[in-house]
Amino acid sequence: MKKINIAVDGPAAAGKSTIARLVASELGMVYVDTGAMYRAITLAHLAQPVLDFETLVQKINLKIVNDNGQKIYLNDEDVSERIRENDVTLNVSYVASQKAVREKLVGIQQELTAAKGVVMDGRDIGTQVIPDAELKVYMIASVTERAERRLKDNQQRGIEANFEDLVKDIERRDHLDMTREISPLVKANDAIEIDTTGMTIEAVKDKIIALAREIIDK
Ligand SMILES: Nc1ncnc2c1ncn2[C@@H]1O[C@H](COP(=O)(O)OP(=O)(O)O)[C@@H](O)[C@H]1O
Ligand SMILES: Nc1ccn([C@@H]2O[C@H](COP(=O)(O)OP(=O)(O)O)[C@@H](O)[C@H]2O)c(=O)n1
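Residues numbered from 1 in each chain as written. Chains lettered and ligands numbered in written order. Predicted model: local features only at pLDDT ≥ 70, side-chain atom pairs only at ≥ 80, totals over all residues. Heavy atoms only, no water.

Definition in use: UniProt positions are given in the numbering used here, feature names are shortened, and annotations may be inferred rather than shown by experiment.
Named according to an unreviewed UniProt entry, the protein is Cytidylate kinase originating from Macrococcoides goetzii. If you open the UniProt record of the protein and go to Subcellular location (unreviewed entry), you find "Cytoplasm". You can read under Sequence similarities (unreviewed entry) in the UniProt record for the protein the words "Belongs to the cytidylate kinase family. Type 1 subfamily."

Right, here's the structure in full:
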């Protein structure tokens, strides 16, 4: 069986992590959520805002444990839940636009994908991190559907949220991510776009599994 990498990119709350985790589990691959890494560095920045980003990324210790899902540790503390809170979400696109931050994380992500067998989701995976990925998916959905999905997510996590603020945050973050200077969010030329608006999780997962199997079984 051929060993492949799958890159999943797209705007905020399109369902990338949910689908990438399920696809990895079904295909016996490793799942990596790169957004969590940018969120963890944002948390470190909020704790020490005076540090320049180059110093900050040298000082911190980031550990990712992948085991059907992902846990992320910042200086040995499990921050997997903490990084979903609003203060991190509000600042993450700014932190992710910093050169020192991107260089550090893209390096880690390329090490993780070097041996293949990884489903990785983010914003620049198909364009920068694994441009030679065997399968690239660009996942989108309407802003209102994405805000509704994130509202449910946040309610389940006990994070305060309302629909209007979520629409605004998603639009603001998408704009920042798509217009930043370094590695902006853009669909790779060879990515397959899937509009998940109105689709069930199962249907999106099955579609990607079918695309992956075509490549694996070739
Ligand atoms: N068709 C669908 N595809 C993906 N996620 C969906 C779908 N329908 C509902 N959801 C829900 O939407 C949310 C998407 O969040 P997430 O996977 O974190 O998105 P992203 O990683 O793109 O930010 C999850 O709570 C998921 O259960
Ligand atoms: N590969 C990546 C992944 C995330 N990011 C940044 O990290 C932020 C959070 O990513 P995420 O995947 O957790 O975002 P959600 O859509 O899940 O809220 C994004 O808005 C981007 O600013 C990035 O720049 N590059």
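1. Description of the pattern of salt bridges
Think of it this way: side chains of opposite charge can pair up when their charged atoms draw near. Stated precisely, the cut-off is as follows: Salt-bridge detection follows one rule: a side-chain nitrogen of Lys or Arg within 4 Å of a carboxyl oxygen of Asp or Glu. Numbered from the N terminus, helices here are DSSP runs of H or I no shorter than four residues, and strands are runs of E no shorter than two.
Scanning the model with the defined rule gives 18 salt bridges in all. In this structure, the salt-bridge partner of Asp33 is Arg84, at a minimum N-O distance of 3.2 Å. Here Asp33, found in strand E2 (residues 30-33), pairs with Arg84, found in the loop between strand E5 (77-78) and helix H4 (86-96); they are 51 residues apart in sequence, far enough to count as distant. A salt bridge links Arg173 to Asp169; the shortest N-O distance between them is 3.3 Å.

2. Topic: the site of ligand 2
Counted only if it meets this: For each residue, the test is whether any non-hydrogen atom lies within 4 Å of the molecule or strand; if one does, the residue is near. Polar contact criterion, stated in full: a pair of N or O atoms within 3.5 Å, where within protein one must be able to donate a hydrogen and the other to accept it, and residues adjacent in sequence count only if both atoms are side-chain atoms. Note on areas: Shrake-Rupley, 1.4 Å probe, and residue coverage restricted to the protein chains presented here.
Around ligand 2 sit 20 residues, and of these Arg39, Arg102, Asp124, Arg150 and Asp177 come closest. Note that an oxygen atom of ligand 2 is positioned 2.9 Å from one of the backbone N or O atoms of Ala13. Between ligand 2 and Asp177, the relevant distance is 2.6 Å, taken from an oxygen atom to a side-chain nitrogen or oxygen of the residue. Isolated, ligand 2 exposes 530 Å² of accessible area, and the fraction of that covered by the protein chains is 99%. Elements represented by at least two residues in the shell around ligand 2 include exactly helix H2 (34-47), H4 and helix H8 (163-179). Broken down by element, the residue count for the shell around ligand 2 peaks at four residues, all from H2.

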